[in-house]
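Commentary on secondary and tertiary structure
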Amino acid sequence: MPYPENLLTVKNLSVHYPSRSGWFWQKNEPKRAVNDISFAVPRGKTVGLVGESGSGKSTTGKAIIKLSPLTSGQIFYQETEIGKLDGAAFQPWRKKIQMIFQDPYNSLNPRSDVLSILSEPLEIHFPQMTNAERTERCVDLLKSVKLPADYLRRYPHEFSGGQRQRIGIARALAVQPELIICDEPVSALDVSVQAEVVNLLQDLQEQLGLTYLFIAHDLAVVEHVSDEILVMSQGKIVEAGNPTSVLTNPQHPYTQKLLSAVPRF
Amino acid sequence: MPSEPLLHVENLSITFSSHGRTTQAVKSISFSVGTGEVLAVVGESGSGKSVSALSLTRLLPSPPLCDIQGSILWRGRDLQKITEDQLTQIRGKEIAYIFQDPGTSLNPVYTIGYQIAEAVKIHEPTIKDIDAVVHQSLHDVLIDDPHKVAQQYPHELSGGMQQRAMIAMALACNPKLLVADEPTTALDVTIQKEIIDLLKRLRQQRKMSILLITHNFGIVAHFADRVQVMRQGEIVESGETTTVMQNPAHPYTRGLIACIPRLGQRRRRLTTLSEEIKT
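Residues numbered from 1 in each chain as written. Chains lettered and ligands numbered in written order. Predicted model: local features only at pLDDT ≥ 70, side-chain atom pairs only at ≥ 80, totals over all residues. Heavy atoms only, no water.

**As for the environment of Ser38 of chain A**
All names here are of chain A. Position of Ser38 among the secondary structure elements: in strand β4 (residues 31-42). Judged by its relative accessible area of 41%, Ser38 is partly exposed. In this structure, the C-alpha to C-alpha distance between Ser38 and Lys11, residues 27 residues apart in sequence, is 4.4 Å. A distance of 2.8 Å separates a polar atom in the side chain of Ser38 from the backbone nitrogen of Asn12. (Helix = DSSP H or I, 4+ residues; strand = E, 2+ residues; numbered from the N terminus. Buried < 20%, exposed > 50% of the residue type's maximum accessible area, 1.4 Å probe, protein only. Polar contact = N/O pair within 3.5 Å; in protein donor to acceptor, adjacent residues only side chain to side chain.)

**Some remarks on the interface of chain A and chain B**
Across the contact, 32 residues belong to chain A and 32 residues belong to chain B. Interface area, chain A with chain B, both sides summed: about 2900 Å², of which 56% is carbon and sulfur. Considering only the side of chain A, the residues that lose the most area to chain B are Val191, His224 and Phe265 of chain A, jointly responsible for 24% of the buried surface there. Run the count over chain A and chain B and you get one salt bridge. At the surface where chain A touches chain B, the tally comes to nine residue pairs in polar contact (both at pLDDT 80 or more). (Contact = heavy atoms within 4.5 Å. Buried area = accessible area lost by both parts, 1.4 Å probe. Salt bridge = Lys/Arg side-chain N within 4 Å of Asp/Glu carboxyl O.)

**Digging into the packing of aromatic side chains**
In this structure the tally under the stated criterion is four aromatic pairs over all chains. Measuring from ring centre to ring centre gives 6.4 Å for Phe265 of chain A and Phe217 of chain B, while their planes differ by 45°; the resulting arrangement is tilted. Here Phe265 of chain A, found in the segment after α9 (253-260), pairs with Phe217 of chain B, found in helix α9 (residues 217-223), and the two come from separate chains. Taking 5.8 Å as the distance between ring centres and 5° as the angle between the ring planes, the aromatic pair formed by Tyr97 of chain B and Phe99 of chain B counts as stacked. The class for Tyr97 of chain B is buried, based on a relative accessible area of 11%. For Arg231 of chain B, the ring lying beneath its charged end belongs to Tyr252 of chain B, and the centroid distance is 5.4 Å. (Phe/Tyr/Trp six-rings, centres within 6.5 Å; stacked < 30°, edge-to-face > 60°. Lys NZ or Arg CZ within 6 Å of the ring centre and 35° of its normal.)

**Here's the deal with the sheet that holds strand β11 (residues 228-233) of chain A**
Residues and elements named next belong to chain A. Strand order in this open sheet of six strands is β8-β9-β10-β5-β11-β12, and the pairing throughout is mixed. Two strands in the sheet have a free side with no partner beyond their single neighbour: β8 (97-100) and β12 (236-241). With strand direction ignored, the average angle separating the axes of adjacent strands in the sheet is 20°. Here strand β5 (residues 46-50) pairs with β11 via four bridges, running parallel. Paired with Leu49 across the strands is Leu230, a residue of β11. Against the sheet, helix α5 (residues 161-173) contacts β8 and β9 (179-183), and its axis sits at roughly 175° relative to β8. Packed on one face of the sheet, α9 meets β11 and β12 and runs near 100° to β11. (Pairing = 2+ DSSP bridges. Axes fitted to C-alpha atoms, helices over the stretch in contact; angles between N-to-C directions.)

Don't take any of this as a statement about function, it's just geometry.
Laid out in structure tokens, this is it:
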């Protein structure tokens, strides 16, 4: 059974994609993107998920909010099994779990202004809100990510990468989630902007008591933000624990290889 | 420093114009690259590091869209003043490029072998056995099965293999200067290490100069002889890599280095750049 202090508990999660190729589009062995992994995310903490491209880290994040199909395994939100829920039954949990994506250039609709980007989740999850209340809430959201209120009427192309990522964060915060899955939130940003966004995420966590699943490939960033870290390789979690001890004294050969490849100065 | 620089750029300014607005991307910068030297150019996006590298061999739009001032001396000749035909002899042959995203820089409808052969045919028309050159260049970038890879299309290769193929293409004509524009930014750290180790080895074997454009100070520290830091079209600091990294003189360089989270040095908050340092 999941422990109540864990906001999210993942048990034996697998995501396999069917694979077809060759003559007559024959069925091959399925691609095991995520293969029997288990972990938990305690409330108010940050769990870092690191691994290289193709390791299954993003698929894990997406499977939790049903953007990837679950092959087997269970996902608990506190004590409720949410892995099997679909459609309308999953809606209340989608409000509690939000996601921030890697590429701020592709994850915002270029034809919507900031007001409609931020109010769309509000229309779905808070249908009783009036237009004026929604606009007021959007202004507050911009303030919480340290952007001026007059940005509401602007479009995504008018912003820099760092500003777009802030808008992506504001959109995730709109429905007052408890858990945010951050999928490579700072990988596409310059180092100075990366530092600002990481600090913002940490401030928001303190103010709002948020819980993060922080997916990234930059070991130093993950070490900085995480309370616990999971190392993924080829669909499996190969090592888990306190970030400092995992990264200073790695036990698994894959973690060792990953660490030795980081150029230090 | 070698006595005669291979490349000497003097007072280079690049201005883009569109819809009646002009933007000065590079503001009168001067730098040189010696024979066999690795010069790293670091800076944030929009600092002008890529456009200054592209301007060397007229890879930017032609006037009136883009105006380039200053002199680009390549082995004593001003590349600004020579004809397009003469420049074709240098671009790709003496100065070769590799880019950030091998997936979009390679042509998806031709095989790797065809794309390498194309460069060899243009620059070395006297060579008869082009296949041998293609296979040798793939072999030089540590591809185990050059015959197979030569017949494959870009989408059949992983990111790391694509980048190797692009390096093989750039090196097939034995360039004297390789311009590497963020060669490992799109790659995983383990692949990044393999590519950087490969470039180090090739540089030693061929006594080739490298102009490395990056924003990763870790790579700079392990690879470059000298480094120059760019901000908003200007070079704010340049010098020997160890000096700049250990004793950065300019506040912008210090700020940029301080922003980077480092393994094993956990801090409560990351340092950020103040607005006045950024501009």
